[in-house]
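Given next are the chains, with one letter for each unit.
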Amino acid sequence: MPLLNLSLDLSLNPLDFIEPGTFKEIKLNGLTLRSNFNSLDVMKTCIQGLAGLKINHLVLGEFKNERKLERFDRSFLEGLCNLTIEQFRIAYLNKFSGDDTDLFNCLANVSVISLLSISLESLQALLKDFRWQHLEMINCDFEKFPALKLSSLKKFVFTDNKGISTFTEFQLPSLQYLDLKRNHLNFKGCCSHTDFGTSKLKHLDLSFNDVITLGSNFMGLEQLEHLDFQHSTLKQINAFSVFLSLRNLRYLDISYTNIQIVFHGIFTGLVSLQTLKMAGNSFQNNLLPDIFTELTNLTILDVSKCQLEQVSQMAFHSLPNLQVLNMSHNKLLSLDTLLYEPLHSLRILDCSFNRIMASKEQELQNLPRNLSWLNLTQNEFACVCEHQRFLQWVKDQRQLLVGAEHMVCAEPLDMKDMPVLSFRNATCQMSKVIISVSVVTGLLVSVVGVLVYKFYFHLMLLAGWKKYGRGESTYDAFVIYSSQDEDWVRNELVKNLEEGVPPFQLCLHYRDFIPGVAIAANIIQEGFHKSRKVIVVVSQHFIQSRWCIFEYEIAQTWQFLSSRAGIIFIVLQKLEKSLLRQQVELYRLLSRNTYLEWEDTVLGRHVFWRRLRKALLAGKPWSPEGTADAETNPQEATTST
């Protein structure tokens, strides 16, 4: 008695022989023979033993980890000519020897063919009169893309294959379903009916490939209903309205296609579109513009991970049928509910993983009435009194907000990572008078603090002047210089003044400052208070040093308090005026007063040291013998302000 619904799986059972006639006039729903044979000859004999079988689904081959046969020739399927087969699948067979010209001749009348993980040169030799309606090639090895010519084929699945990189046109006039994902293919001038040899195509999947250049607007493919480009790199999508002719398209996925939306007419013509996925791309200026004007039938829209910071107020005005909107993983700063007011059919809104702090009080009532699921988790909520109404709204809308208990505060610091629901309105009841007094007091304290901070060292100098101002000076001069010029100070200035005649005692920070005392305190107490004069060594390094400028500014205050011309300027090198003008006061002083210039020549050095000693002798209580050079006009090289 014929068995119509029985499926028989004999996989992994060793078979050496099948008695001819065993399956004669038997009807099976399915028969699976995988990894059963130790040799190709045994396999051929057993297949011939299936003669007379009528079967809906026949599976031959091996398993990925159970390989017994190394090579195959085109004759091993000849025994299938004596079977009646509706669907046939062959899996995990190694490379065939010779060509595959007649490999599938005994399967010409099969409706569904599935090739899984086999190695073929190509399928160019398939006859046009094969009656295949559904062909699958998955994870196979090809030397070149199969340029098929099958007049009856309606569905072609060609995925995860290897050995090919360029798409080749084929002729499949009855084709309605085409899946070419995950092949690392490159397409040039995609897409039109000439590429696929059909104008009946309704489903086209080109996802997870390499570069797809859009060179036509799908001419001849007006019946397309499903189009998927996700995770392929699209080029020239902003050049023109590429989807203009696809008025029947209902599903479009351009997610993660490395495009930046610039052209506002990109979706022109998609009047029947119901699902649009465009996650992982970007928009000009991180702004979602009004680009959905013709998509009045859209029900699902995904613009997640698009780096959006702003949304045009008119972006959703033409989407009355939208039911699901994904705005997650962007950079939105607030929940602008006015944007979603035109979405009368909206049920699901995902705004998670943004930077939303709150929503304006007057906008909270503008959410669509049909909204039943709102995700605001993983945002940066500010749990402060300024947003008290929003925080209360969150508490009142727990049924609407999915995961409301996981919404946490980002600021202030004392509430960081605490649940938004834990915010208490009582903390915002402080009296306005107390707040005003606190603000005014804070401002006064801040102003006083800034003034004290800005003039702190000047005040220290003034206090010290009252204490030390009338005492005798320990040093003849305090030297202000950049550490970059220390070699000149040590080898020239110190050597000539302290070892010369008369000797002068200089205050130098590396030698005379007291260890353990703050630098600023040493400058004021040891440098200015105990010195008769100040020598300022001006150089490019000096002007660029913040410490040097600080010491110079204190020196000006010191000179003002001492009421005498006590600053001697030494210019080590010629300075660019543009650089010198950065210190306006110093520039003015050097422009209006006499200063010393260092010149490393015999005459220049003689004149320099003579003038410097005269300047230092001015006001010195004693004048040793042999200093005739210091008898005339000791003020010659000093400056005044």
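All of the points below concern the structure found in this document. Since the structure is predicted, the reported quantities are computational estimates derived from the model, not experimental observations.

**Comments concerning the overall build of the protein**
In step 1: The number of helices and strands found in the protein is 13 helices and 31 strands.
In step 2: By residue count, 49% of the 641 residues in the protein fall in the buried class.
In step 3: A fraction of 60% describes how many contacts in the protein between residues 6 or more apart in sequence connect residues 24 or more apart.

**Overview of the environment of Ile212**
In step 1: Here Ile212 lies in strand β11 (residues 211–214).
In step 2: Looking at Ile212, the relative accessible area reads 0%, which means it is buried.
In step 3: Once you skip the residues sitting within four places of it in the chain, Ile212 turns out to touch Phe187, Cys190, Leu206, Phe229, Ser232, Thr233, Leu234 and Lys235.

**Side note on the state of the cysteines**
Throughout this description, disulfide means a covalent bond between two cysteine sulfur atoms.
In step 1: Counted according to the given criterion, the structure contains three disulfides.
In step 2: For Cys190, the disulfide goes to Cys191, at an S-S distance of 1.3 Å.
In step 3: Given the relative accessible area of 2%, Cys190 is considered buried.
In step 4: For Cys191, a relative accessible area of 0% translates into the label buried.
In step 5: A disulfide bridge connects Cys383 with Cys409, and the sulfur atoms are separated by 1.9 Å. Every disulfide takes its handedness from the sign of the S-S torsion; for Cys383 and Cys409 that torsion is -85 degrees, giving left-handed. With a gap of 26 residues between them, Cys383 in the loop between β24 (381–382) and α3 (388–396) and Cys409 in strand β26 (residues 409–411) connect regions that are remote in the sequence.

**Side note on the side chain of Ser359**
In step 1: Topologically, Ser359 is positioned in the loop between β22 (348–350) and β23 (373–375).
In step 2: One polar contact links the side chain of Ser359 to the main-chain carbonyl oxygen of Leu335, over a distance of 2.7 Å.

**What about the sheet that holds strand β30 (residues 567–571)?**
In step 1: Here five strands make up an open sheet; going across it, the order is β28-β27-β29-β30-β31 and the pairing parallel. Of all strands in the sheet, those bounded by a partner on one side alone are β28 (506–507) and β31 (596–597).
In step 2: As paired strands, β30 and β31 are joined by two bridges and run parallel to one another. Paired with Val571 across the bridge in β31 is Glu597.

**Describing the pairing of strand β4 (residues 84–93)**
In step 1: With seven bridges joining them, strand β3 (residues 54–61) and β4 adopt parallel strand pairing. When the bridges of β4 are listed, Leu58 appears paired with Phe88.

**Points about the packing of aromatic side chains**
In step 1: Taken as a whole and assessed by the stated rule, the structure comprises 25 aromatic pairs.
In step 2: A ring pair is formed by Phe167 and Phe196, whose centres lie 5.7 Å apart and whose planes are at 65 degrees; its orientation type is edge-to-face. One end of the pair, Phe167, is in the loop between β7 (155–159) and β8 (177–179); the other, Phe196, is in helix α2 (residues 193–196), with 29 residues separating them in the sequence.
In step 3: The buried category is assigned to Phe167, whose relative accessible area is 13%.
In step 4: Classification of Phe196 by relative accessible area gives buried; the value is 0%.
In step 5: Centroid distance Phe267 to Phe292: 6.2 Å. Interplanar angle 15 degrees. Geometry classified as stacked. Of this pair, Phe267 sits in the loop between β15 (260–261) and β16 (275–277) while Phe292 is found in the loop between β18 (287–288) and β19 (300–302), placing the two residues 25 residues apart along the sequence. For the pair formed by Phe267 and Phe292, the shared burial category is buried.
In step 6: Within the aromatic cluster, the residues linked to one another by ring pairs are Phe142, Phe145, Phe156, Phe158, Phe167, Phe170, Phe187 and Phe196.
In step 7: Positioned over the ring face of Phe208 is Arg182, at 4.0 Å from the centre of the ring.
In step 8: The ring of Tyr510 has Arg490 sitting right over it, with the charged end atom 3.9 Å from the ring centre.

Calculation criteria
- Residues numbered from 1 in each chain as written.
- Predicted model: local features only at pLDDT ≥ 70, side-chain atom pairs only at ≥ 80, totals over all residues.
- Heavy atoms only, no water.
- Helix = DSSP H or I, 4+ residues; strand = E, 2+ residues; numbered from the N terminus.
- Buried < 20%, exposed > 50% of the residue type's maximum accessible area, 1.4 Å probe, protein only.
- Contact = heavy atoms within 4.5 Å.
- Disulfide = S-S within 2.5 Å.
- Polar contact = N/O pair within 3.5 Å; in protein donor to acceptor, adjacent residues only side chain to side chain.
- Pairing = 2+ DSSP bridges.
- Phe/Tyr/Trp six-rings, centres within 6.5 Å; stacked < 30°, edge-to-face > 60°.
- Lys NZ or Arg CZ within 6 Å of the ring centre and 35° of its normal.

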